[in-house]
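Summary of the model geometry
Chain by chain, the residues run as shown.
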Amino acid sequence: MTAVLIVATAAPMQPAVLVEALERFRSKGATVTVACFFDGEELGIDPTLAEVRTFVVPAEKWDVRFRKALGRAAANRKIWLHARRSTWLRQQYRRADLLVALDARAVHTVWQMAQRNTRAGAYHGLVPAQKALAANRSEPVGKRLERRVSAAAGIGARGARSAAEQTIRTALNKATGRRVMSNPAGAWLWTRAVAAPSIPDRLRSKLAVRLHDSAVRAGRPAAGGRAASAAVQRISSLATRADVLTKAAKAELALGHQPSGLHDAIRAQLALADDLLPRDTKRAAAAISMAWSLSSNRVLHFDRLTSPMSTDPGAFMAPFRASTAARKLSQPRGRRTPAAPAPTDRPLRLLVTTLINDNFLSEILERYRAMPNVEVRFLDLHEDEVTRPLALSGSTVMEHLLAGDSSYGAKIEEWLRPHLDWADTVFVDWCQAAAVLFTLHDPGSTRIIVRLHSFEAFNFWPHLVDFSRVDDVVFVSDHLRDLATAVLPQLTDGPRLRVIDNAMDLQRYPRSKPADARFNLGMVGFSSVAKDPRWTIEVLRKLRERDERYRLTLIGSNFNDRTSKPAKDYGKLLTQDLAELEPLGAVRRYGQTDDVPAALQEVGVIVSSSVRESFHCGLVEGAASGAVPVVRDWPFFAGKPHGARTLFPADWVAESPAEAAERIFAATATEEQWREIGQAAAEHALKTWDWSVTQSGFDRLLLDD
């Protein structure tokens, strides 16, 4: 009786064909076993036709060696790795007369089985197997013996080669590991070796990445950078050069470092984009997208207490300004007609739009919806599930801008043109995807206004906006305008630049405070590194050295340490601070609340300890409540023409925790003095930033122009 083993990696598209073949096998007296790399019950085969079994090794039985082997193996070889670990399947293929691969992915596994059972015939497909069964030819003994010897030799040779490769790999990993690269002599030797001539680019690039990673993990990123740089000098392929430098930069970013070769990686990606631009805009866009991904990584700007963008915007942006492809993204395309003046014979049609975040729009929408001479529509580009993906793909936008035309661009036109045709004025909050999409095509005579908050200045989206189609750009502070124009020089030759304070209803904040609030510091928002709550804790420590009545209330959601390693490291230190101070009653976490005025009623001193803010609504709300304001001289803007010292009264601002503590001691020396200073702060906040005052700026922006 002939034994047939069929190996299948997926259920056949036409199960009836398999059933028919099984019936023919049975009619010729063959016994059939079907080994499946999927749930065999999906086939629904009659047990009288064939035995159906699944041979996948359950994940819980994978040992470390098997996991590593699967990780290295190609897709087809993975199936064989599972097959050879199945005792049942080994028995089946050793006694089989016919080995059949039902599909292409099973061919390698059946071939491996045939090397171990040389008397069996091996076939790809059911029809050849049926023909072989019908022919029933016998092979000469000498030929069969020759085939067995050849197969055994092949198996032995492959095993020896695999063992040798593994030995070499292990030795190389040790020789290029962290311990070796931590030694200056070892790092120097490998830096010379990786730059040696005649090494294939593929091997050189892998070795360079390995050496860099080992050096970074050894705490010597500069040595890793030198090794990667030395290797890149010998690599001719622009794509390979960019890949090596990018992997090196990403490895350092993952560890929370500002990469020593960051600009080298960015320049390499941009050089690749410039080279690809004339012939392959898709790949060119991907290269630019990678360059922007590196430059706007949150480790650089958001999860550390400094940012290279703030330190020297011109130097940080220099690679993009030197790139032909990157410059093309922000190339002004203009508009055929200027924005039309506001209509006089009907209400002004105002479209207010954003993507996801409408936190700063409630007062604006409420005011203009109530005006009879304004018709307001609100559009959140994230609300429609069908069109939402169009607003979330930066690389697709880049591809369209490089190509000049695309099906994606046509979809944006179809989506947003009705809104542009309806509106007289479009107010786009946040200079990100929405601003890009509304300037992707000529807006016609519709006026376009974009408000830029601080987050976007460190992101790539503003660099995709066509500001020649924007009439006004709004900032909430002078220092933010200064940063944005340094990052985006195109702003200085196009739209009108306006500074208008955030819309805030401060009238609900003034409330009587209990006497013991005098010693209670408060922070509104402390969930990110940029808020730097540990600065405020340092102020608290200095206060408590002299008077233990001082305490701190943290209002808002807990610190988010999941964004990156630097955030995690900062979070650990903050947790240690809180573990020490909370049991003493020195710190209390109030938590997230919808009633901030009630929370601030218990706060006598409101602190802004951030390293950067565009305005800091929480600080102003605290001042409006009658708390004494203490503002750190935000480091991102300290020493520049505008910053915390020009936005707020000078006596609100402190340069250091020691100076802040002295201000608090002086302001809270007596209850009478504390209340007097707090009242003065509240009056200043209300007459300067309350919506009843600042709304005139929006009226001039939206109605008078």
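Residues numbered from 1 in each chain as written. Predicted model: local features only at pLDDT ≥ 70, side-chain atom pairs only at ≥ 80, totals over all residues. Heavy atoms only, no water.

**Things to note about the overall build of the protein chain**
- The number of helices and strands found in the protein chain is 31 helices and 17 strands.
- Its C-alpha atoms give the protein chain a radius of gyration of 34 Å, clearly above 27 Å, the size a compact globule of 705 residues would have.
- Within the span of the protein chain, comprising 705 residues, buried residues form 50% of the whole.
- Restricting the contact set of the protein chain to residue pairs at least 6 apart, pairs at least 24 apart contribute 71%.
- Charged side chains of the protein chain number 95 positive and 79 negative; the gap between the two group centres comes to 14 Å. (Helix = DSSP H or I, 4+ residues; strand = E, 2+ residues; numbered from the N terminus. Rg over C-alpha atoms; globule rule 2.2 N^0.38 Å. Buried < 20%, exposed > 50% of the residue type's maximum accessible area, 1.4 Å probe, protein only. Contact = heavy atoms within 4.5 Å. Lys, Arg positive; Asp, Glu negative; His and termini not counted. Charge placed at Lys NZ, Arg CZ, Asp CG, Glu CD.)

**A few points about the sheet that holds strand β11 (residues 496-499)**
- Pairing is parallel across the open sheet formed by six strands, whose spatial order is β7-β6-β8-β9-β10-β11. In this open sheet, the two edge strands, each paired with only one partner strand, are β7 (374-380) and β11. Averaged over all pairs of adjacent strands, the angle between their axes in this sheet comes to 20°, without regard to strand direction.
- Strand direction decides the pairing type here: strand β9 (residues 447-451) and strand β10 (residues 472-475), joined by three bridges, are parallel. The residue of β10 that forms the bridge with R451 is V474.
- The strands touched by helix α21 (residues 407-422) within the sheet are β6 (348-354), β7, β8 (425-429) and β9, with β7 carrying the most contacts at an inclination of about 165°.
- Taken strand by strand, helix α31 (residues 691-704) contacts β6, β7, β8, β9, β10 and β11, and its axis lies near 155° from that of β9. (Pairing = 2+ DSSP bridges. Axes fitted to C-alpha atoms, helices over the stretch in contact; angles between N-to-C directions.)

**Notes on the pattern of salt bridges**
- Applying the stated rule across the entire model yields 37 salt bridges.
- Across the salt bridge formed by E662 and R546, the nearest N and O atoms sit 3.1 Å from each other. You can see E662 sitting in helix α29 (residues 657-667) and its partner R546 sitting in the loop between α24 (533-544) and β13 (551-555), a full 116 residues away along the chain.
- For E662, a relative accessible area of 45% gives the class partly exposed.
- Owing to a relative accessible area of 55%, R546 belongs among the exposed residues under this scheme.
- Among the ionic pairs, R589 bridges to E582, the shortest N-O distance being 2.9 Å. (Salt bridge = Lys/Arg side-chain N within 4 Å of Asp/Glu carboxyl O.)

**Overview of the packing of helix α10 (residues 201-217) against helix α11 (residues 221-232)**
- Across the interface, α10 lies against α11 with an axial gap of 7 Å and an inter-helix angle of 170°. Put simply, α10 runs roughly antiparallel to α11. In this structure, α10 contributes R204, A208, L211, H212, A215 and V216 to the contact, and α11 contributes P221, A223, G224, G225, A227, A228 and A231.
- Looking at the contact of α10 with α11 residue by residue, the classes come out as nine nonpolar, three polar and one charged. (Parallel < 35°, antiparallel > 145°, perpendicular 65-115°, else oblique. Nonpolar A, V, L, I, M, F, W, Y, C, P; charged D, E, K, R; others polar.)

**Overview of the confidence of the model for the protein chain**
- Scored by pLDDT, the protein chain has a mean of 92; 94% of the residues are at 70 or more.
- Under a pLDDT of 50 for its full length, residues 141-147 has, in the predicted model, six contacts with residues more than four places off or in other chains. (pLDDT = per-residue confidence, 0-100.)

**Brief notes about the sheet that holds strand β16 (residues 628-632)**
- Within the open sheet, the six strands sit side by side as β14-β13-β12-β15-β16-β17. Their pairing is parallel. Each end of this open sheet is capped by a strand with a single partner; those strands are β14 (587-591) and β17 (653-654).
- In the sheet, β16 pairs with β17 via two bridges, with the strands oriented parallel. Bridging across to β17, V631 finds its partner in V653.
- Along the sheet, α24 makes contact with β12 (520-524), β13, β14, β15 (605-608) and β16, crossing β12 at roughly 180°.

**Quick word on the pairing of β14**
- As judged from the four bridges shared by β13 and β14, these two strands associate in the parallel manner. The residue bridging L552 from the neighbouring strand is V587, located in β14.
- Running through helix α25 (residues 565-581), the crossover from β13 to the neighbouring parallel element β14 is right-handed. (Right-handed = clockwise from strand over helix to strand, strands pointing away.)

**Quick notes on the side chain of H479**
- Here H479 shows up in helix α23 (residues 478-487).
- Taking the relative accessible area as the measure of exposure, H479 reaches 2% and is therefore buried.
- Engagement of the side chain of H479 in a polar contact is seen with the side chain of S477, the distance being 3.4 Å. (Polar contact = N/O pair within 3.5 Å; in protein donor to acceptor, adjacent residues only side chain to side chain.)

**Points about the nonpolar core**
- In this structure, L381 and L437 are the most contacted members of the largest nonpolar core, which totals 125 residues.
- Of the residues forming this core, the biggest block, eight residues, is contributed by helix α13 (residues 262-276).
- Look past the residues within four positions of L381 in its chain and what remains in contact with it is T353, T354, L355, R388, A391, W415, L416, A434, L437 and F438.
- Among the nonpolar cores identified, the runner-up in size contains 33 residues, and V539, V605, V628 and A661 belong to it. (Core = buried A, V, L, I, M, F, W, Y, C linked by side-chain atoms within 4.5 Å.)

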